[in-house]
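Residue strings, one per chain:
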Amino acid sequence: MSLSVEHPTPVRTTRELAERVRDRLRNERIDPRTDPARARSIAQAEVSRHNDFALARGLEVIDDEGACVRDVLAAVAGYGPLQGLLDDPTVEEIWINAPDRVFCAREGRAEQVHLALDDQSVRDLVERMLHATGRRVDLSHPFVDASLPDGSRLHAVIPDVTRRHWAVNIRKFLRHRRTLGDLVAAHALTPAAADILVEAVTAGRSVLVSGATHAGKTTLLGALMSQCGVGQRLVTVEETFELAIAAPDVVALQGRQPSLEGTGEVTLRRLVKEALRMRPDRLVIGEVRDAEALDLLLALNTGVPGAATIHANSAAEALRKFASLPLLAGRNIDASFVLPAVAAAVDIVVHCARSSDGRRFVSEIIEVTGEVEGATIGSRRVYGGDDR
């Protein structure tokens, strides 16, 4: 499916108008984010002035002044041609493969969007998004992850890691799916599964959320943690801020890239250790993918309940993977320690799936029995199959 977005005003004209508006805002010391009405008034005045000049000189005028004003404001105070997609509540994710190959996803389904972009405008957009984050992308750091002000996540890769063009992904923060009730209403979760998960979180059990990429793991984890009691203090640890937890006592920590000199890096392993000094009633890891699994496992075995997401194709595979990742921490860690530690620390594994039509849903829930037989951690299915 292809979605066409019309932009009757030439890109060059929009850029020139945006520069004039930007100069006026700077000279009058107006912040378009705090005074949007004044910014709109200036943009409208500049578009009207352009048309007056064009009429007097017999040049091409801007037919749709309202659309041009929106484009100019998006270029000055927003994210240019992408702002409409970012404002659209039905759009879940946006990605740019090349300036003429822009896509978005709605309800898990991809569609191409025709926008007037070029290489420079893509670079400008990414730089503007990174401006307030303290993160950068350059030849020495060709990958970047960052959180936008609304909580959406930006990921960008530049040449020569990519073949020619910048590759950009923006995973949006969807406010309408922040609770388990929202997920039940969206048919991503059945009432029976929701009851099991509410009981587990209320009882302070440790939960592992598994699934493939874009299966809804982070959304479910945030909704689960929003079920924690009012008196519970949550400390979250992520590479890039993405979790949205509706709770009164939450501290969010994120990692940091090294500086140009190679110093100042803050890893997930360091954050997990620091989080334990912050009196958490529950420790939440956005995603476990490496040796930080050992630090999380050690924390869980001190009596602090935890929750995390992990990439896997099933709940049982997620449990096996979580028991393997701590081995990456060093040669002195072996399975004879890790397996019983995981069996004692993890209580519930929830697996998220995505159907061929893009629908995301919880497909199974297993409960860890605490037993270990050989290299297998015992578990039993409490939801899945005919229960859906």
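Please refer to the structure placed before this passage.
Overview of the structure. Note on numbering: residues in each chain are counted from 1, in written sequence order. Local features in a predicted model are, by the rule used here, given only for residues with pLDDT of at least 70; side-chain atom pairs are given and counted only at 80 or more, and totals for whole chains, interfaces and linings are based on all residues. Hydrogens and water are ignored here; the side-chain numbers use all heavy atoms of the structure.

Only DSSP runs of H or I reaching four residues or more are called helices, and only runs of E reaching two or more are called strands; each is numbered from the N terminus. Check the secondary structure of the protein chain and you find 12 helices and 15 strands. Dimensions along the principal axes, computed over C-alpha positions, put the protein chain at roughly 85 × 50 × 45 Å. What makes two residues a contact is simply this: any of their non-hydrogen atoms within 4.5 Å. Looking at the protein chain alone, contacts between residues at least 24 apart form 55% of all its contacts between residues at least 6 apart. Accessible surface for the protein chain amounts to roughly 19300 Å². Of this, 49% is attributable to carbon and sulfur atoms. Positive charges are assigned to Lys and Arg, negative charges to Asp and Glu, while His and the chain termini are left out of the count. The location of each charge is read from NZ of Lys, CZ of Arg, CG of Asp or CD of Glu. Across the protein chain, the 48 positively charged side chains and the 54 negatively charged ones have centroids separated by 2 Å. Note on areas: Shrake-Rupley with a 1.4 Å probe; residue coverage comes only from the protein chains shown.

On to the pattern of salt bridges. Side-chain pairs of opposite charge can arise where the charged atoms are in close proximity. One side-chain nitrogen of Lys or Arg within 4 Å of one carboxyl oxygen of Asp or Glu is enough to make a salt bridge. Taken as a whole, this structure holds 27 salt bridges when the rule is applied. The shortest N-O distance in the salt bridge between Glu-19 and Arg-22 comes to 2.6 Å. With Glu-19 and Arg-22 both in helix α1 (residues 11–27) and three residues apart, the pair spans about one turn of that helix. Relative accessibility decides the category of a residue: with a 1.4 Å probe and only protein chains considered, values under 20% of the type maximum give buried, values over 50% give exposed, and everything between is partly exposed. The partly exposed category is assigned to Glu-19, whose relative accessible area is 41%. Note that Asp-249 is salt-bridged to Arg-233, the shortest N-O span being 3.1 Å. Taken together, the positions of Asp-249 in the loop between β9 (234–238) and β10 (250–254) and Arg-233 in the loop between α8 (217–225) and β9 put the pair 16 residues apart, joining distant regions of the chain. Taken together, the shared-partner salt bridges connect Arg-20, Arg-24, Glu-28, Arg-38, Glu-46 and Arg-49 into one network.

Bringing the sheet that holds strand β12 (residues 306–311) into the picture now. On the basis of which strands lie adjacent, the open sheet formed by eight strands has the order β10-β9-β11-β12-β8-β13-β14-β15 and mixed pairing. Looking at the sheet topology across the chains shown, the edges are occupied by β10 and β15 (376–384). Strand-to-strand twist of the sheet, defined as the mean angle between neighbouring strand axes without regard to direction, takes the value 20 degrees. Of the pairings in the sheet, the one linking strand β14 (residues 360–373) to β15 comprises seven bridges and is antiparallel in character. Among the inter-strand pairings, Val-372 is bridged to a residue of β15, identified as Ile-377. When DSSP finds two or more bridges between two strands, those strands count as paired. Fitted lines through C-alpha atoms serve as axes, helices being fitted only where they are in contact, and the angles separating the N-to-C directions of these axes extend from 0 to 180 degrees.

It is worth spelling out the environment of Ala-299 at this point. One can find Ala-299 in helix α10 (residues 292–300). Ala-299 sits in the buried class, given a relative accessible area of 1%. In the structure, Ala-299 is positioned 276 residues away from Asp-23 in sequence and 53 Å away in space, judged by C-alpha atoms. Aside from chain neighbours lying at most four places away, what touches Ala-299 is Leu-276, Leu-283 and Val-304.

Okay, the pairing of strand β3 (residues 101–106) next. Burial analysis of β3 places five of its six residues in the buried class, which makes it a mostly covered element. Across five bridges, the pairing between strand β2 (residues 93–98) and β3 is antiparallel. Across the sheet, Trp-95 pairs through a bridge with Phe-103, a residue of β3. Between β2 and β3, which follow one another and run antiparallel, lie two residues. Here β3 runs beside strand β4 (residues 109–114); their pairing, made up of five bridges, is antiparallel. The residue bridging Arg-106 from the neighbouring strand is Arg-109, located in β4. Linking two consecutive strands that pair antiparallel, namely β3 and β4, is a turn of two residues; a positive phi of about 50 degrees is found at Glu-107 within it.

Geometry of aromatic contacts follows a simple scheme: Phe, Tyr and Trp rings, the Trp one being its six-membered ring, pair when their centres are within 6.5 Å, and the pair is stacked under 30 degrees between planes, edge-to-face over 60, tilted otherwise. The full count for this structure, using the stated rule, is one aromatic pair. Arranged with centres 6.0 Å apart and planes meeting at 10 degrees, the rings of Trp-95 and Phe-103 form a pair that is stacked. Per residue, the accessibility class of Trp-95 equals that of Phe-103, and both read buried.

Running from amino to carboxyl end, helix α9 (residues 268–275) crosses α10 at an angle of 15 degrees, the nearest separation of the two axes being 8 Å. Overall, the two elements α9 and α10 adopt an arrangement that is roughly parallel. The chirality of how α9 crosses α10 is left-handed. For the pair α9 and α10, contact is made by Leu-268, Arg-269, Val-272 and Lys-273 and by Glu-292, Leu-294, Asp-295 and Leu-296, respectively. The class makeup of the residues in the contact of α9 with α10 is four nonpolar, no polar and four charged. Comment on the angle field: the value is read as roughly parallel under 35 degrees, roughly antiparallel over 145, roughly perpendicular from 65 to 115, and oblique elsewhere. What makes a crossing left-handed is the near helix being turned counterclockwise from the far one by less than a right angle; a clockwise turn instead makes it right-handed. In the scheme used here, Gly and all other residues not listed as nonpolar or charged are polar, with Ala, Val, Leu, Ile, Met, Phe, Trp, Tyr, Cys and Pro taken as nonpolar and Asp, Glu, Lys and Arg as charged.

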